[in-house]
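Residue-level listing of the chains:
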Amino acid sequence: MIALMSAYAKLKNGGSLGKEDILDLKRGDIKSFQWSSLAVQLALKDQNRWERELLISIIKDLPELECYIHTLKESTCSTPTPNVKPEYLYILNNTAKNKVIGQDHIKYLITNFVGEEISLNFMAVWLMTVCYRGLSQDDLHCLTNEMIQSGDVIDYRNQEELKNKKIVRRYPTGALSEKVALILPALISSVRNEFPVISPFLVAKSLGFTGGTWDKLKAIPGFTFPDPGPEAIKALKQCGIAMSVTKENLCPADRKMYQFRSMTGTIESPELIIASIASKQLALPADHLLMDVRYGEGAFIPTYKEAKELAISLSNFINEGGVPCSYHLTNSSEPNGMAIGNAYEVLEAIAVMNREFESTWDLRAIKEQKELVITFFEILMSNAFPEENIDWKRLANKQFDEGRVFQSFLNIL
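Only a predicted model underlies this, so the values are computations on that prediction, with no experimental measurement involved.

Novice: How should I be thinking about the overall build of the chain in this particular structure?
Specialist: Along its length, the chain carries 19 helices and five strands. Over its C-alpha atoms the chain spans a radius of gyration of 23 Å, differing by no more than 12% from the 22 Å that the globule rule assigns to 413 residues. Every one of the 413 residues in the chain was classed for burial, and the buried ones make up 56%. Put simply, the chain shows about 18200 Å² of open surface, and 49% of that area lies on carbon and sulfur atoms. Computed over 45 positive and 51 negative side-chain charges, the inter-centroid distance for the chain is 1 Å.

Novice: Any chance you could explain the pattern of salt bridges here in plain terms?
Specialist: Side chains carrying opposite charge are able to pair once their charged atoms draw close together. Here the structure, examined in full by the defined rule, presents 21 salt bridges. E348 is the partner of K179 in a salt bridge, and the nearest nitrogen-oxygen pair spans 3.2 Å. Of this pair, K179 sits in the loop between β1 (166-172) and α10 (180-190) while E348 is found in helix α16 (residues 342-353), placing the two residues 169 residues apart along the sequence. Here the residues in one salt-bridge network are R170, E178, D292 and R294, joined through shared partners.

Novice: I would appreciate a short explanation of the sheet that holds strand β5 (residues 325-331) in the present structure.
Specialist: In a beta sheet, neighbouring strands pair by backbone hydrogen bonds and run either parallel or antiparallel. In space, the five strands of this open sheet follow the order β3-β2-β1-β4-β5, with parallel pairing throughout. Two strands close off the open sheet at either side, each with one partner strand: β3 (241-244) and β5. The sheet shows a mean angle of 20° between the axes of neighbouring strands, direction not considered. Contacts from helix α15 (residues 304-320) reach β4 (288-295) and β5 within the one sheet, and its direction differs from that of β5 by about 160°.

Novice: Explanation requested: the state of the cysteines in the structure shown.
Specialist: As used in these notes, a disulfide is a covalent bond between sulfur atoms, one from each of two cysteines. If you walk through the whole model with that rule in mind, you get zero disulfides. Between C131, a cysteine without a disulfide, and C251, which holds the nearest cysteine sulfur, the sulfur-to-sulfur distance is 19 Å. By relative accessible area, C131 is classed as partly exposed at 23%. C251 supplies the cysteine sulfur nearest to C325, a cysteine that is in no disulfide, at a spacing of 16 Å.

Novice: I keep staring at the nonpolar core and nothing clicks. Help me out?
Specialist: One broad rule of soluble globular proteins: the nonpolar side chains tend to lie buried together. The biggest cluster of nonpolar side chains holds 94 residues, and the ones touching the most others in it are L38 and W126. For L38, the contacting residues outside a window of four places in its chain are L4, A7, Y8, L11, L25 and L54. Core analysis: the second largest hydrophobic core is formed by 48 residues, M353, W361, M381 and A384 among them.

Novice: Could you clarify how one ought to interpret the side chain of T213 in this entry?
Specialist: Note that T213 resides in helix α11 (residues 213-218). Judged by its relative accessible area of 10%, T213 is buried.

Novice: What am I meant to see in the packing of aromatic side chains here?
Specialist: For any pair of aromatic rings, the description consists of the separation of the ring centres together with the inter-plane angle of the planes. One pass over the full model with this rule turns up 13 aromatic pairs. The interplanar angle of 45° and the centroid separation of 5.0 Å between the aromatic rings of F33 and F260 together place this pair among those described as tilted. With F33 in helix α3 (residues 32-43) and F260 in helix α13 (residues 252-263), this residue pair connects regions lying 227 residues apart in the sequence. For the residue pair F33 and F260, the accessibility class agrees, reading buried in each case. K256 extends its terminal NZ or CZ atom over the ring of F113, reaching a point 5.9 Å from the ring centre.

Novice: I keep staring at the packing of α3 against helix α5 (residues 64-74) and nothing clicks. Help me out?
Specialist: A pair of packed helices can be characterised by two numbers: the angle between their axes and the separation between those axes. Running from N to C, α3 and α5 point in directions that differ by 40°, and their axes come no closer than 11 Å. Regarding the angle of α3 to α5, the classification is oblique. For α3 against α5, the interelement crossing comes out right-handed. Between α3, through S36, A39, V40 and A43, and α5, the contact on the second element is made entirely by L65, I69, L72 and K73. Looking at the contact of α3 with α5, its residues break down into six nonpolar, one polar and one charged.

Novice: So what exactly am I meant to see when it comes to the pairing of strand β2 (residues 197-202) here?
Specialist: The side chains of a regular strand alternate, residue by residue, between the two faces of the sheet. Among the six residues of β2, six are classified as buried, and the element is accordingly described as predominantly covered. Of the two faces of β2, the one holding V197, S199 and F201 and the one holding I198, P200 and L202 are both buried throughout. Bridge analysis of β1 against β2 gives two bridges, and the strand direction is parallel. Pairing of I167 across the sheet is with I198, part of β2.

Novice: So what exactly am I meant to see when it comes to unusual backbone geometry here?
Specialist: Note: most peptide bonds trans; most residues except glycine with negative phi. One non-glycine residue, N164, lies in the positive phi region at around 70°. Among the structural elements, N164 can be located in the loop between α9 (137-148) and β1. A positive phi angle, near 50°, is found at C251, a position not held by glycine. Tracing the backbone through its elements, the reader meets C251 in the loop between β3 and α13. With relative accessibility at 0%, the residue C251 sits in the buried group.

Novice: Could you clarify how one ought to interpret the packing of α9 against helix α14 (residues 270-283) in this entry?
Specialist: Viewed as axis vectors pointing N to C, α9 and α14 meet at an angle of 40°, and their least axial separation amounts to 9 Å. The orientation of α9 relative to α14 falls into the category oblique. Here the hand of the crossing between α9 and α14 comes out right-handed. Contacts between α9 and α14 pair L140, L143, T144, M147 and I148 from the former with E271, L272, I274, A275, S276, A278, S279, L282 and A283 from the latter. A per-class count over the contact of α9 with α14 returns ten nonpolar, three polar and one charged.

Novice: I tried to follow the environment of D401 on my own but got confused; where do I start?
Specialist: Locating D401 in the fold gives a position in helix α18 (residues 392-401). When the C-alpha positions of D401 and P285 are compared, they lie 32 Å apart, and in sequence the two are 116 residues distant. Apart from the residues within four sequence positions on either side, D401 is in contact with R355 and K370.

Thresholds, definitions, all that
Residues numbered from 1 in each chain as written. Predicted model: local features only at pLDDT ≥ 70, side-chain atom pairs only at ≥ 80, totals over all residues. Heavy atoms only, no water. Helix = DSSP H or I, 4+ residues; strand = E, 2+ residues; numbered from the N terminus. Rg over C-alpha atoms; globule rule 2.2 N^0.38 Å. Buried < 20%, exposed > 50% of the residue type's maximum accessible area, 1.4 Å probe, protein only. Areas by Shrake-Rupley, 256 points an atom, 1.4 Å probe, with all protein chains shown as cover. Lys, Arg positive; Asp, Glu negative; His and termini not counted. Charge placed at Lys NZ, Arg CZ, Asp CG, Glu CD. Salt bridge = Lys/Arg side-chain N within 4 Å of Asp/Glu carboxyl O. Pairing = 2+ DSSP bridges. Axes fitted to C-alpha atoms, helices over the stretch in contact; angles between N-to-C directions. Contact = heavy atoms within 4.5 Å. Disulfide = S-S within 2.5 Å. Core = buried A, V, L, I, M, F, W, Y, C linked by side-chain atoms within 4.5 Å. Phe/Tyr/Trp six-rings, centres within 6.5 Å; stacked < 30°, edge-to-face > 60°. Lys NZ or Arg CZ within 6 Å of the ring centre and 35° of its normal. Parallel < 35°, antiparallel > 145°, perpendicular 65-115°, else oblique. Left-handed = near helix turned anticlockwise from the far one by under 90°. Nonpolar A, V, L, I, M, F, W, Y, C, P; charged D, E, K, R; others polar.

Here's what the structure looks like:
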């Protein structure tokens, strides 16, 4: 798997595969859909000898790829091929030319992907084509809407049990050693008796090289996630926080595609990032959403410029969908803390919340993470309660200093 991810990254960055790279790939346990996405990368570049031989070998094992590659490069596939449906070729051809795919074909794509009735080889080819060629704005809207409609919209703003509560949430685009998602909920929970605020957080599994909040919390023995709906409402009433995953019937299209993108090297596409995040956030609306857009070597988005473009597009998309949204650009050129690894990151998050444990950590890292959490808290609370004349930073520091944040963390667990 490491050799495959390395190959995806090398090709995406304009590099080439050598003999040793290909030998490493052939030693690995690689699925046919992973070979399919790699074949697209090879087909769309000037291949060296080793890459050309690899592409020929992949096509020999997966004959339908020849038809897909012809469609990508020449717009047609004249040879009838088993497992290749006309809808696949239409979708692929239009994507390759950056032409509109259309609502009916996007619906066909998502419905059959969720229903496991579509070729995963084709799905991998299409996603990699999107990474290289993009999607039209019309198709991006259709894709996001179809992903939302693949399940239920759960709107806690309309629940009688949560009446008069302000619902806030922060969501990150992903970065190495990102522990805000463990600390910020506890800080919000610590002020819920003074301010009518709740936060149904959405947590995700690891994506690519980044650790997921799901994986970190699962490192705590006995931790369970409340399902979206009645279980989450019960948790929100008890402690103001619900750590939920996109399971059951909440955005199943994204749940499946999220993991599939991680396995096929198709994470970094701005359009796929927007569709993934926006569909989740609009399926679980809030009174204010803060997008934490990460950039740098430790994130999926490499530069500040690209991060700002994504942040503007994403926040506009979510605002248009009826959820007030702001964004913060966070430099992730290096980890915000010391820890990398699920249980290890939980321990460092505890040290941020409880001074009793901070002496074994780099205090610069502890300070940096605490300041970042407080910044996000200030943005969320000032947007949720604009009428309040409160120094939110000062309040947050007081909650940390008096041990209320750590106590709230224990209450949430």
